[in-house]
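Take a look at the letters that make up each chain.
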Amino acid sequence: MDAHQPEIRIGLSMQEIDAGAWNRLAGSNSPFLKHEFLLALEQSGSVSADTGWQPCHLAVFAEDSKQLLAAMPLYLKNHSYGEYVFDWSWADAYQRHGHAYYPKLLTAIPFTPSQSPRVLADSPERMQALMPHIISAVMKYAEQSGASSWHILFPDTSASALFAKAGLVRREACQFHWRNRDYQSFDGFLDTFSSRKRKNLRKERADVKAQDISFERLQGEEISDAIWDRFYQFYQNTYHIRGQHGYLTRDFFRQIHASMPEAAFLVMAQRHGEYIAGALFFEGAESLFGRYWGASDDYQNLHFETCYYQGIEYCIEHQLTLFDAGAQGEHKLRRGFEPVSTESYHWIQEPAFRHAIADFCAQEVDHVRTYKEAAVQQLPFKRPDND
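Right, let's walk through the structure included here. Everything quoted here is computed from the prediction, not taken from an experiment.

Conventions used here
Residues numbered from 1 in each chain as written. Predicted model: local features only at pLDDT ≥ 70, side-chain atom pairs only at ≥ 80, totals over all residues. Heavy atoms only, no water. Helix = DSSP H or I, 4+ residues; strand = E, 2+ residues; numbered from the N terminus. Buried < 20%, exposed > 50% of the residue type's maximum accessible area, 1.4 Å probe, protein only. Pairing = 2+ DSSP bridges. Axes fitted to C-alpha atoms, helices over the stretch in contact; angles between N-to-C directions. Contact = heavy atoms within 4.5 Å. Parallel < 35°, antiparallel > 145°, perpendicular 65-115°, else oblique. Nonpolar A, V, L, I, M, F, W, Y, C, P; charged D, E, K, R; others polar.

## Considering the environment of Ser-195
- For Ser-195, the location among the structural elements is in helix H7 (residues 195-210).
- Judged by its relative accessible area of 32%, Ser-195 is partly exposed.
- In the structure, Ser-195 is positioned 173 residues away from Val-368 in sequence and 30 Å away in space, judged by C-alpha atoms.

Written out as C-alpha cells, the structure is:
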C-alpha cells in the first residue's frame, strides 16, 4: 500500500485496538459492538483459537498509524457453531468434492444473531472510500491463511450496496422483532390484539402468577456474584438438556458485569424465596436485546414471561423502539413479534462453488419471502374483519 493510502492491519486481537477509538466508530445502539463486549469474549476464553474462533480483527489507520479510520470484527473459524446462519450443507458439499471448507473467515459477533454495522467507519463517505481496500485485504488474507471463504453475518443495510458491488453473494433470512408503536402500557399493547389472542396472552401471564412466581430486575451492583453464579447455572441448563455445553464461560459474565454494567441487566424469576430462572438483556441507545436464559425446572409459560413479556414491559417503560429477543421462534408471532428480513454476504474462493452458492441463495430468497408473507398472517393484531 503506497504512502497516500491508509494502512490496513489484519490479525489483531481486541486488546491490540484502542477501546475509545473502536467505540467511537461503533456508536451506541448495539452493545455487542462495544469494545468491552468483544474483549470480554476473548479474555474470558469464550472466543479463541482453542474454541474455533481465532480473532484476526481488521483495523484501518491513517498515514501516521495513529488515527483509527475504520474497523471490522473478523475471526478465523474451523467450524460453523454459534453463527445462526447455517452453512453446514455448503461445507459438506465442499468437502465431498475434495476441498477443505475450514478454516473460513467470519465477520460477525460471536453467538449473537443481532443486526448492526459490520464495517465500522466514521462516515458513509469514509466507508465508501475504504471498502474496496478492505475487501481486497480480506481476500488476500484468506489466501494467506488458507481460508475457503469469507462470511458477513447479520449486517445492517449500511454497507449492502458496497458488498453487492464487490460481488459478494447475498443471502436472506427472517427473524421476529417487537416494535414499540408508542404504547403507553402493556395493556395498551394488548388492546391492539384481536380479542381471542389477547385473552390467550393474558392467560399465559396469569398462569405464571398462579404459580407464585415473581420477578426482579437487577443491574450493576444489584447483581452479586452469587446471583451471577445462579444465572450461569440456568444458562448452562439450557444447553445441558440438549446434551451440549454453553459457549460462554463464567468469566465472560464476570467481565461484562465489571466493564459494561450500564448495558446489561438480569430479569430473575423467584418462587418461594428461591431463584428458579433468569434472562440476561442488553440495552442499546434505542433497542433492547434479549440474549441468554435458563431455568432450574420446567414451569408453565415461564419462558414467555421471562424472555418476552418482561422485555416488552421494559421497552414500554423506557420508550425503547425495538426489542430483538433472539434468532428463532415462530411462537413469537402470536405474541406480537413481527417478521423482519435479515441479510448475510458470502465470498467463496472456489469459482465453481461460488456460482453454485449464488444460485442456491437466489432460489432460497423466494422461499424466505413466501414464508415471511405467511408469517404476517399469523400476527395477533386486529384486522378490519375482526375486533
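## Focus: the sheet that holds strand E11 (residues 264-271)
- Spatially, eleven strands are ordered E2-E5-E6-E8-E15-E9-E14-E13-E12-E11-E10 in an open sheet, and the strand pairing comes out mixed. Edge positions in the sheet fall to strand E2 (53-55) and strand E10 (213-219), since each of these pairs with one other strand and no more. Adjacent strand axes in the sheet meet at a mean angle of 30 degrees when their direction is disregarded.
- On the sheet, helix H10 (residues 302-318) packs against strand E9 (169-179), E10, E11, strand E12 (274-283), strand E13 (287-295) and strand E14 (322-324) and is oriented at approximately 55 degrees with respect to E10.

## Quick word on the environment of Gln-363
- The topology assignment puts Gln-363 in helix H11 (residues 351-376).
- For the pair formed by Gln-363 and Ile-316, sequence separation is 47 residues and the distance between their alpha carbons is 39 Å.

## Concerning the packing of helix H1 (residues 19-26) against helix H2 (residues 35-43)
- For the pair H1 and H2, the least separation of the axes is 9 Å and the interaxial angle reads 125 degrees. One finds that H1 runs oblique with respect to H2. Residue-level contacts link Ala-19, Trp-22 and Asn-23 of H1 to His-35, Glu-36 and Leu-38 of H2.
- Residues that form the contact of H1 with H2 fall into these classes: three nonpolar, two polar and one charged.

## Quick notes on the sheet that holds strand E4 (residues 68-72)
- With respect to topology, four strands assemble into an open sheet ordered E1-E3-E4-E7, the strand pairing being antiparallel. Every other strand in the sheet has two partners, leaving strand E1 (7-12) and strand E7 (120-121) as the edge strands with one partner each.
- Where E1 and strand E3 (residues 57-61) come together, five bridges link them in antiparallel fashion. Paired with Arg-9 across the two strands is Ala-59, which belongs to E3.
- Contacts between H1 and the sheet are confined to E4 and E7, with E4 contributing the most and set at about 75 degrees to the helix.

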